[in-house]
Amino acid sequence: MKVNLQPALNDVNVDANQTSSQRQLSISVSAIADTQDRTLPINLCLILDHSGSMNGKPLETVKKAANLLVDRLKPSDRLSVVVFDHRAKVLIANQSVEDPEQIKKQINRLSADGGTAIDEGLRLAIEELAKGKKDRISQAFLLTDGENEHGDNNRCFKFAQLAAGYNLTLNTLGFGDNWNQDVLERIADAGLGTLSYIQKPDQAVNEFGRLFSRIQTVGLTNAYLLFSLMPNVRLAELKPVAQVYPDTIELPLQQEADGRFAIRLGDLMRDVERVILANIYLGQLPEGQQAIANVQIRYDDPAQNQPGLFTTNSPVYANVTRAYQPNINPQVQQSILALAKYRQTQLAEAKLQQGDRIGAATMLQTAAKTALQMGDTGAATVLQTSATQLQSGGDLSESDRKKTRIVSKTVLQDIPPQ
């Protein structure tokens, strides 16, 4: 398994006459499979809400979705199931999937009762995943239909960060309309997973299947983007780095002992790009081709039991000229639009929380236009519908707010389960 690393500037040409120029540096990263590479075994934990509000069809469809996942697992894979109401317990301890029928019987005994305590479910899930993570792809699906009423949200975020430190990926699934999108998004972002919205019970099977198909494409783990900037080049002070594909996530920076910046990417999927966007400023540079940055990936290859591998260092060059003409890269431009769509929607949500409905509607309209520019017609429709609703004096329903959040983060794609 190898790493494909492709850096690109939104405009490779720079005006030598300018004392300061802003550029967006896009870095595309993916795993490339060789023909002899084997599919990696999976270490999966399902963290399932079985509080009283899940009673009836919601819990029955979640059990069905979980059982279908069990059928897709191999004996070499490992599974654990943690369930929570106002307490949490391990329903199925981390184990090889050698007796799927027995596992499904245990899942089918689950009944709905009690309140919701997400943080305790996360704590137990991390413990179970840690038991089976060696040489495996370790991921969790956290599903809930409610607020963390019996738990502590800050504790959730700390556990999500702890999971990231253990190289565990957390995916969150909001079921119905009463879950907190801020909490589930922060958990998924910290765990470098994805946030999903199951609006109706019948969608649970497809959503579980879609996420599982995504796990099956993971080839490399524990990836970090390492980069350094040349003298007279600096990062923007505010929100300098974000992932823009497949989901938009604001990414934290840390500094390595050698002075380079490090950004955790987590799992790399085979032939599926992760696209990172860095906002940089260039001081006045001499004419000619100038190196402005170096990028590199550090990663683990669990199939070969090889941790701490590095790609070769990839320099990033700018063409500094006094006869400046823009040379816009359309792919990087798409990434810039994806990040703008997300941030414009965030501003709209902030204005709505402040009671500024007109300001929120205006920002949602702006985000809808941005989505149209990037060809994301599904998001444009959702965002414009929400804007129109506010302009007409109406409120956004919980469903509207959740759809708005999801379409701001990603381009929706229907991926049928395999």
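Residues numbered from 1 in each chain as written. Predicted model: local features only at pLDDT ≥ 70, side-chain atom pairs only at ≥ 80, totals over all residues. Heavy atoms only, no water.

Remarks on the pairing of strand 16 (residues 274-283)
Argument step 1. The element strand 16 is extensively covered by neighbouring structure, given that nine of its 10 residues are classed as buried.
Argument step 2. For strand 3 (residues 20-32) and strand 16, the ladder comprises 10 bridges, and the chain directions are antiparallel. What sits directly across from Ser26, in strand 16, is Leu277.
Argument step 3. By the bridge criterion, three bridges tie strand 11 (residues 233-235) to strand 16 in an arrangement that is antiparallel. Bridge pairing links Arg234 to Tyr281 in strand 16. (Buried < 20%, exposed > 50% of the residue type's maximum accessible area, 1.4 Å probe, protein only. Helix = DSSP H or I, 4+ residues; strand = E, 2+ residues; numbered from the N terminus. Pairing = 2+ DSSP bridges.)

So, the pattern of salt bridges
Side chains that differ in sign of charge can pair as their charged atoms come close.
Argument step 1. Tallied over the full model, the rule gives 25 salt bridges.
Argument step 2. The residue Arg23 makes a salt bridge to Asp11 at a minimum N-O spacing of 3.7 Å. Taken as a pair, Arg23 in strand 3 and Asp11 in the loop between strand 1 (2-9) and strand 2 (13-15) lie far apart in primary sequence, 12 residues in all. Like Asp11, Arg23 is buried.
Argument step 3. Linking Asp182 and Arg405 is a salt bridge whose minimum nitrogen-to-oxygen distance equals 2.7 Å. Of this pair, Asp182 sits in helix 5 (residues 181-190) while Arg405 sits in helix 10 (residues 398-409), and the two are 223 residues apart along the sequence.
Argument step 4. Taking the relative accessible area as the measure of exposure, Arg405 reaches 6% and is therefore buried.
Argument step 5. Bridged by salt links that share partners, the residues Asp182, Glu185, Asp189, Glu349, Arg405 and Lys409 form one connected network. (Salt bridge = Lys/Arg side-chain N within 4 Å of Asp/Glu carboxyl O.)

Section: the environment of Lys402
Argument step 1. Of note, Lys402 is situated in helix 10.
Argument step 2. In this structure the C-alpha to C-alpha distance between Lys402 and Gln181, which are 221 residues apart in sequence, comes to 6.7 Å.
Argument step 3. For Lys402, the residues in contact, after removing those within four places along its chain, are Gly176, Asp177, Asn178, Trp179, Gln181 and Tyr197.
Argument step 4. Within the local environment of Lys402, its side chain forms a polar contact with the backbone oxygen of Asp177, the two atoms lying 3.3 Å apart. (Contact = heavy atoms within 4.5 Å. Polar contact = N/O pair within 3.5 Å; in protein donor to acceptor, adjacent residues only side chain to side chain.)

What to know about helix 9 (residues 377-391)
Argument step 1. The terminal C-alpha atoms of helix 9 lie 21 Å apart, and with 15 residues this matches the ideal 21 Å at 1.5 Å per residue to within 8%.
Argument step 2. Burial in helix 9 covers these residues: Ala379, Ala380, Leu383, Ser386, Ala387 and Leu390. The buried residues of helix 9 occupy an angular sector of 140° when projected down its axis, which confines them to one face. More than 90 degrees from the buried face of helix 9, the exposed residues found are Thr377 and Thr381. (Expected span 1.5 Å × (residues − 1). Arc of directions from axis to C-beta.)

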